[in-house]
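Residue strings, one per chain:
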Amino acid sequence: MVRRGNPAWQFVPQYSSVFYRTSEPLGEPAPVATAPEAARRAAEVLLSLGLLMPDTTSSATAVDPGGAWSVVFHRRVDGATVYSKSNVTATLNPAGQITSVLAHRRPLLSRSRYPLRPPEEAWQLLLAGHGRSLPVNVSPTGREEPGDRFVVTRVELAYVEAEPFLPRQIVQPYYVFRDARGAALYVPAVADPHVEWWP
């Protein structure tokens, strides 16, 4: 682990991760009252620090009973969200100042084209029990797990960076089926036989 300058900042080069946590908040006070204001304020401060790239957008914001906000930002590739265990996440105090940051981002080294299965086929695979919960479905309030009854309210095509602590990995596309709480089940979007299914 490398620490330079302010000891509140920690950088782990092999994982391309940056952490910040201290009692000295970042940014001037600018109180926020709504989720869009919190996301906008977090983006302003993170951009000023060079921690938010142009292809990143806020996708989840929550406030705790004490008035602190958590804002999660996701990277987008070809217009699709990339879900990861370590998305750019910022916590703001009630005054709108950032008190903690988690940022993880590794470059895409190459791209390959594979045929995708149609969404109707992915839906049939989900109905047949082939959907899987992945450890990337983390919201500002914690990980949402599918319950005994899973009612799909939204479907999207997204990428998954499942394990940021591996030296190199394939960022694979999935159909993501979500319920009203935000819990998700994932079905590989790459058509057979080009995809490796789980055991």
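So, how was this worked out
For every chain, the first residue of the written sequence is number 1, and numbering continues from 1 along that sequence. With pLDDT at 70 or above as the cut-off, local features in this predicted model cover only qualifying residues; side-chain atom pairs require 80 or more to be listed or tallied, and sums for whole chains, interfaces and linings still use all residues. The basis for every side-chain value is the complete set of heavy atoms in the structure, and neither hydrogens nor water enter the calculation. In this description a helix means any DSSP run of H or I spanning at least four residues, a strand means any run of E spanning at least two, and both kinds are numbered starting from the N terminus. By convention in these notes, a salt bridge is any Lys or Arg side-chain nitrogen within 4 Å of a carboxyl oxygen on Asp or Glu. Buried residues are those whose accessible area, probed at 1.4 Å on protein chains only, stays under 20% of the maximum for their type, while exposed residues exceed 50% and partly exposed ones sit between those limits. Within this analysis, the arc is defined by the directions that extend from the helix axis to the C-beta atoms. Contact criterion: two residues are considered in contact whenever any of their non-hydrogen atoms come within 4.5 Å of each other. Here, a strand pair is defined by DSSP locating no fewer than two bridges between the strands. Expected helix span is given by 1.5 Å per residue-to-residue step, counting one fewer step than there are residues. Planes of paired rings set the category: under 30 degrees apart is stacked, over 60 is edge-to-face and the rest tilted, where pairs are Phe, Tyr or Trp rings (Trp by its six-membered ring) whose centres lie within 6.5 Å. Lysine NZ or arginine CZ positioned within 6 Å of the ring centre and within 35 degrees of the ring normal marks a charge as sitting over the ring.

## Quick look at unusual backbone geometry
Despite not being glycine, Asp78 has its phi angle at roughly 55°, a positive value. The residue Asp78 is located in the loop between strand 4 (69-77) and strand 5 (80-84) in this model.

## A look at the pattern of salt bridges
Between side chains of opposite charge, a pair can form as their charged atoms come close. Taken as a whole and assessed by the stated rule, the structure comprises 7 salt bridges. Its salt-bridge partner being Glu44, residue Arg41 comes within 3.4 Å of it at the nearest N-O pair. Here Glu44 and Arg41 lie together in helix 1 (residues 35-48), a separation of 3 residues that amounts to about one turn. Judged by relative accessible area, which is 12%, Arg41 ranks as buried.

## Re helix 2 (residues 119-127)
Each full turn of the α-helix corresponds to 3.6 residues, which orients residues three or four apart in the same direction. Every buried residue of helix 2 is listed here: Ala122, Leu125 and Leu126. One side of helix 2 holds all its buried residues, which, seen down the axis, span an arc of 100°. Within helix 2, the exposed residues directed more than 90 degrees away from the buried face are Glu120 and Leu127. Residues of helix 2 that are buried sit in contact with strand 11 (172-178) and strand 12 (184-188). Where helix 2 terminates, the next one or two residues include Gly129, which has phi positive at roughly 90°.

## Quick notes on the pairing of strand 7 (residues 98-104)
For strand 7, a buried count of 5 out of 7 residues is recorded, marking the element as mostly surrounded by other parts of the structure. The pairing of strand 2 (residues 17-26) with strand 7 spans 6 bridges and is classified as antiparallel. Within the sheet, the bridge partner assigned to Phe19 lies in strand 7 and is Leu102. Bridge analysis of strand 6 (residues 88-92) against strand 7 gives 4 bridges, and the strand direction is antiparallel. Pairing of Thr91 across the sheet is with Ser100, part of strand 7. Taken together, strand 6 and the strand that follows it, strand 7, pair antiparallel across an intervening segment of 5 residues, in which Gly96 is found at a positive phi of about 80°.

## Details of helix 1
Here helix 1 contains 14 residues, and its C-alpha end-to-end distance of 20 Å stays within 8% of the 20 Å for a straight helix at 1.5 Å per residue. Within helix 1 the residues assigned to the buried category are Ala38, Ala39, Arg41, Ala42, Ala43, Val45 and Leu46. Turning to helix 1, the residues buried within the fold contact strand 2, strand 3 (56-63), strand 4, strand 6 and strand 7. Following helix 1 by one or two positions, Gly50 adopts a phi angle in the positive range, close to 75°.

## Notes on the packing of aromatic side chains
Taken as a whole and assessed by the stated rule, the structure comprises 3 aromatic pairs. Taken together, a centroid distance of 5.9 Å and an interplanar angle of 45° make the contact between Trp123 and Phe177 tilted. With Trp123 in helix 2 and Phe177 in strand 11, this residue pair connects regions lying 54 residues apart in the sequence. Relative accessible area serves as the criterion here: at 34%, Trp123 is assigned to the partly exposed category. With a centroid separation of 6.0 Å and an interplanar angle of 90°, the aromatic rings of Tyr174 and Tyr186 are classed as edge-to-face. Pair noted here: Tyr174 is in strand 11 and Tyr186 is in strand 12, with a separation of 12 residues, a long-range link. This pair shows no difference in class: Tyr174 is buried, exactly as Tyr186 is. Stacked on the ring of Tyr83, the Lys or Arg Arg178 has its end atom at 5.0 Å from the ring centre.

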